[in-house]
Amino acid sequence: MSITSSPNEQDRPSAEELTEILRAAAAGRRSAARTARLSDLDSQTSRELWRLWQRIPVEARRYLVREMVELSETNVELNFSRVLRLALDDSDPEVRALAISGLWENQSIVLLDQFLDLLEVEPEPVVREALAQALGHFTYRCALAEIDGERAERVYGALLELFRSDEPIGIRRRALESLAYFDENEEVEELIAEAYDSLHQPLRVSALFAMGRNLADRWLEPVLESLEDEDAEMRFEAARASGEFGDQRAVDLLLDLVGDEDREVQFAAVTALGQIGGKLAVQALGRLARSDDEAIAELAREAQTQALQLGDPLRPGL
């Protein structure tokens, strides 16, 4: 079902409707339209929802939060921030982790402080990993000096401690990826280099991801080398990072990856060609746009439009 709008101020759900939405979820009667009614709740309605929330089974709560996250990703008019912030206090770790991931668009300082406070007391690895990843949205703002120095130091210190700890590798990976936005920082660069040289493949994959965020000149060579790595995840992240660097030296290698055995690598290569642009990339994308593979053809058309606009920002889309 297509959800096109969120409730306005006069059309928010009553206590009775909230009860019915939760009961339906608990009974397995799933409906995107019902879940969408939880968008843009005011504080009073949110308090009423929270009063009822913990009374429904955990599977229903997981479903509702997961549905809210998915709906907000496909419809920018829907805003579940109030409900998701309440769900940060849910008794179930999976609900808390899902709620954190769903708050990616909310970059308020109040939420940043809440995330940092949660990180100090949260015991569950799945939630700590979600927090480490979510802080990446704020480290980008720290790099742009949009967050005050004291908070930026707190974010940096928290992520640095996570990476250097004996936490599960998933948490350490996300901490490194979030730290990567602190560019022109020798300590961060050394952490990325350490991860890239690690014997743990997941850390090496995250190092490449971090290189595409950090964009220090020293990373271009390992990124180009990793385009030919035997591991598909490494090739995928190298392709993504190549697009971020926008260096023409990656074009020939990316063209080879368009025929990669891994589908996700193919898509990443096509997208990166659009980010890099240049005559060779534009011509190649034009050929791919006529491919019998409709998924590749569609992606190539979008990438070619981007590549052409790189060369001529005033050029209209194809």
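If you're wondering where the values come from, they're calculated on a predicted model, not measured in any experiment.

Backbone geometry at Glu184 places phi at a positive 55°, although glycine is not the residue there. Mapped onto the secondary structure, Glu184 falls in the loop between α10 (169-179) and α11 (186-196). Here Leu215, not a glycine, exhibits a phi torsion of approximately 60°, which is positive. Within the secondary structure, Leu215 sits in the loop between α12 (201-214) and α13 (220-226).

This paragraph deals with the packing of α11 against α12. Direction vectors running N to C along α11 and α12 enclose 145°, while the axes themselves pass 7 Å from each other. For the element pair α11 and α12, the recorded crossing hand is left-handed. Contacts between α11 and α12 involve Val188, Glu189, Ile192, Ala195 and Tyr196 from the first element and Leu203, Arg204, Ala207, Leu208, Ala210, Met211 and Asn214 from the second. In the contact of α11 with α12, the residues fall into nine nonpolar, one polar and two charged.

Applying the stated criterion across every chain yields a total of 26 salt bridges. One salt bridge in this structure joins Arg151 and Asp148, with 2.8 Å as the shortest N-O distance. Looking at Arg151, the relative accessible area reads 27%, which means it is partly exposed. A single salt-bridge network, built from bridges that share partners, covers Glu59, Arg62, Arg66, Asp92 and Glu94.

Okay, helix α8 (residues 125-143) next. For α8, built from 19 residues, the straight-helix expectation of 27 Å at 1.5 Å per residue is met to within 8% by its first-to-last C-alpha distance of 27 Å. Taken as a whole, α8 carries its principal kink of about 35° at His137. For α8, the secondary structure elements touched by its buried residues are α6 (93-102), α7 (109-121), α9 (149-164), α10 and α12.

Quick notes on the rules
Residues numbered from 1 in each chain as written. Predicted model: local features only at pLDDT ≥ 70, side-chain atom pairs only at ≥ 80, totals over all residues. Heavy atoms only, no water. Helix = DSSP H or I, 4+ residues; strand = E, 2+ residues; numbered from the N terminus. Axes fitted to C-alpha atoms, helices over the stretch in contact; angles between N-to-C directions. Left-handed = near helix turned anticlockwise from the far one by under 90°. Contact = heavy atoms within 4.5 Å. Nonpolar A, V, L, I, M, F, W, Y, C, P; charged D, E, K, R; others polar. Salt bridge = Lys/Arg side-chain N within 4 Å of Asp/Glu carboxyl O. Buried < 20%, exposed > 50% of the residue type's maximum accessible area, 1.4 Å probe, protein only. Expected span 1.5 Å × (residues − 1). Bend = angle between axes of the 7 residues up to and from the residue.

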